[in-house]
Amino acid sequence: MMFRLASIVGSRRFGLAAASCLCGGVGYHYVSNNDDYNQISLLRSRVEMKSLVVNQNIEQHISLVVPTMEALLRAGRLSITAAIMALDYQLYFLTKKHPDSLLSKLYNNEEECERQKAEYLIHQLHEKLERAQAAYVKGSNDDDDSTNKETLHKNSAEQNNETKSKNAKQHMLCIANELADAEEALEKSGGSRIVHERNATRLLELFRANAGVYIKVGQHLANLDLLLPQEYISRLSSLFDDAPESTYEDVCRVVHEDLGSSPDELFDDFSKDPIASASLAQVHTATCKQSGKKLAIKIQHRGLRETSKGDLFALTAVVRIAERLFDEFNLGWICDEIAPNLPKELDFTNEGKNAEAASAHLQKSGLDCVVPRVLWRTTTGQQFLTSERVLTMEFEVGFPATDVERIDSIGICRRETAKLISSVFNAQIFENGLVHCDPHQSNVLLREHPRKKGKPQIVLVDHGLYKRLDPSFQESYARLWTGIVMADISAIKGACERLGVDKMYPLLAAMLTSRPFDEVIERSRTRSLDAAPASGSGDKAVIKLYAQRYLREIIDMLDIVPRQMLLIFKMNDCLRHVDCALGSPANNLVVAGKYASKRVFHSDIREGSVLRLLKSWLSYAHVLIRINSYEMWKWLSGTSITRLQ
């Protein structure tokens, strides 16, 4: 035994054997001279395997720890910013209530005291406008303003109901214009604008620093101009075009991790700098190795998928706390809606399928709208080009549909452009049921039609956020829009009841059309598709007052209506911003009315009764005759179709 041990000790392989045994965690055992090399090699391979597993475990833990720490850092920034904003607003409200206090003198200067007086006047005008609105909607004139009461009382014996209604509306609009002027004057002098500007800037800096999900939330907030102060809208709107960019190294890592090769191995002329960057991803250009076509490669920001859940949890927690602290703060529904949809947006294979479905429907509809073709594999089929975090598409030329100067320079008609955009999305809602719910200015591109000179063609991109509408919801929503276009109050009430909304039907209709509900009341009397000319800031003050006055009811309504309605609201907000940028040249009421009435007609004829079929056809024909007559009259009169946008 001692001889055998000595022979192994003397062997040149003893050092390796001992090291392998010790590192491998196994005891030394007796081996023969013929087998010792094989067994030592086996032990060495075991050591290497264990080292590889240990290294992989370390890398796994690091890959989890680092994103977690980054998410905690973002949550910390969010908490600090929210606390500073809450303290700033609390001080502002306290000094408004106690303008003569020491705190007010420390917090405000003499100019601030004057602004507070102006804000008190605006508060009084808000109350007067509320009473005037209530009087007009109810068909009565119960306003506390004594002068108005006397005027209406003197003329009550001479005026009929229509004249009374017109007087009530005129009184309401006068107050609304006075309120708009007072708010404009206050805005010029500062007032609440200063505290809003401070906190809007803080919020913008937070969203930019945290990026990812925070950018997405900021973009959503930028569309809520009827609920948020204008300072927030102006600041946060920059997030549409100024999103953070990932480094080229991170881009290469994402591509390699998902597709198994570097960008240069998969494509020719891959651009190191992105041509566009958004909240969740950025787009690079390249050339297809097989076909030579120009490509657009959308690559998700690295680490976003891993940290999105933590970011959403932190955002939701802070929003819930703010809702408890401030009665006026009721934006928790935004987090509730983003949370279930974000995982779908982060899966680019889902986006690719949405793009293909949208393209198939648009080709069938005959509308001049293009969706970039998705490339799933190379032409040989041996290499994937699209994954959960990488989306490869054919490149389509286009510029933002809100670039009015460029539209005018190439001779495209704004009215036709706005009508085409409205038609695309109404066709998705009422025909296909698969709806693009994020049509903001960077996702709706425009170009001159390659085969129709001077005609617009839409390029629709970013198909991550889609909603499949239930047939029952489509029908109820179509009946609501048909009632709005025909100014049929009973039909509007009935459709709203089917959607779960009872008494708040005027507010729901106003939110969908972005116009005061009194225009529907007026059109129900005149039997016209046209309403009185928009009074600009006065009309906006009326709509905004609706939103502010019934904010709690709006939040309750958002809990009642079907969930798909929330994304429809978001889509309407985005489209309204695009349309306003184009100068509101198209009548969305008419476009939506065509598609909605067609949907109602097809729903009604499924019942099979001959009498029902005849009644449905006559009703559908009535709507089309009124719409076509209205458009013909507008064309003959040489005026643009601009109402009710």
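Residues numbered from 1 in each chain as written. Predicted model: local features only at pLDDT ≥ 70, side-chain atom pairs only at ≥ 80, totals over all residues. Heavy atoms only, no water.

Participant: How should I be thinking about the pairing of strand β10 (residues 456-460) in this particular structure?
Facilitator: On any regular strand, side chains alternate: one points to one face of the sheet, the next to the other face. Burial analysis of β10 places five of its five residues in the buried class, the great majority of the element. In β10, alternate side chains face the same way, and those of Pro456, Ile458 and Leu460 on one face and Gln457 and Val459 on the other are all buried. Here strand β5 (residues 369-370) pairs with β10 via two bridges, running parallel. Within the sheet, the bridge partner assigned to cysteine 369 lies in β10 and is isoleucine 458. The sheet contact formed by strand β9 (residues 444-448) and β10 spans five bridges and is antiparallel. Each residue of the ladder has a partner; that of leucine 446, found in β10, is isoleucine 458. (Buried < 20%, exposed > 50% of the residue type's maximum accessible area, 1.4 Å probe, protein only. Helix = DSSP H or I, 4+ residues; strand = E, 2+ residues; numbered from the N terminus. Pairing = 2+ DSSP bridges.)

Participant: Any chance you could explain the packing of helix α17 (residues 414-432) against helix α24 (residues 564-581) here in plain terms?
Facilitator: How two helices pack is summed up by the angle between their axes together with the distance between the axes. Axis separation between α17 and α24 bottoms out at 11 Å; the angle between their running directions is 170°. With respect to α24, the element α17 is oriented roughly antiparallel. Across from Ala418, Ile421, Phe425 and Ile429 in α17, the residues of α24 making contact are Ile568, Met571, Leu575, Val578 and Asp579. For the contact of α17 with α24, a count of residues per class yields eight nonpolar, no polar and one charged. (Axes fitted to C-alpha atoms, helices over the stretch in contact; angles between N-to-C directions. Parallel < 35°, antiparallel > 145°, perpendicular 65-115°, else oblique. Contact = heavy atoms within 4.5 Å. Nonpolar A, V, L, I, M, F, W, Y, C, P; charged D, E, K, R; others polar.)

Participant: Looking at this structure, I do not really get the packing of aromatic side chains. What am I missing?
Facilitator: How two aromatic rings sit relative to each other is given by the distance of their centres and the angle of their planes. Scanning the entire structure with this criterion turns up five aromatic pairs. Each ring, one from tyrosine 248 and one from phenylalanine 270, has its centre 6.4 Å from the other, and the planes form 45°; the classification is tilted. With tyrosine 248 in helix α11 (residues 248-259) and phenylalanine 270 in the loop between β1 (267-268) and β2 (276-277), this pair connects stretches of sequence that are 22 residues apart. No difference in accessibility class separates tyrosine 248 from phenylalanine 270, as the two residues are buried. Aromatic side chains phenylalanine 267 and phenylalanine 270 sit 6.3 Å apart centroid to centroid with 25° between the ring planes, which places their arrangement in the stacked category. Joined through ring pairs, the aromatic side chains of Tyr248, Phe267 and Phe270 make up one cluster. Positioned above the aromatic ring of phenylalanine 395, the side-chain terminus of lysine 294 is 4.1 Å from the ring centre. Directly above the aromatic system of phenylalanine 384 lies the positively charged group of arginine 377, at a separation of 3.9 Å from the ring centroid. (Phe/Tyr/Trp six-rings, centres within 6.5 Å; stacked < 30°, edge-to-face > 60°. Lys NZ or Arg CZ within 6 Å of the ring centre and 35° of its normal.)

Participant: It is not clear to me how the pattern of salt bridges should be interpreted in this structure. Could you clarify?
Facilitator: Opposite charge on two side chains makes pairing possible when the charged atoms of those side chains draw close. Taken as a whole and judged by the stated rule, the model has 22 salt bridges. When the shortest N-O distance is used, the salt bridge between lysine 216 and glutamate 345 registers 2.9 Å. With lysine 216 in helix α9 (residues 213-221) and glutamate 345 in helix α14 (residues 332-345), the pair connects residues that are 129 residues apart, well separated along the chain. What makes lysine 216 buried here is its relative accessible area of 8%. According to the relative accessible area criterion, glutamate 345 is buried, its value standing at 7%. Between glutamate 396 and arginine 447 there is a salt bridge; the shortest N-O distance is 2.9 Å. Here glutamate 396, found in the loop between β6 (390-394) and β7 (399-400), pairs with arginine 447, found in strand β9; they are 51 residues apart in sequence, far enough to count as distant. Relative accessible area serves as the criterion here: at 22%, glutamate 396 is assigned to the partly exposed category. Relative accessible area serves as the criterion here: at 16%, arginine 447 is assigned to the buried category. (Salt bridge = Lys/Arg side-chain N within 4 Å of Asp/Glu carboxyl O.)

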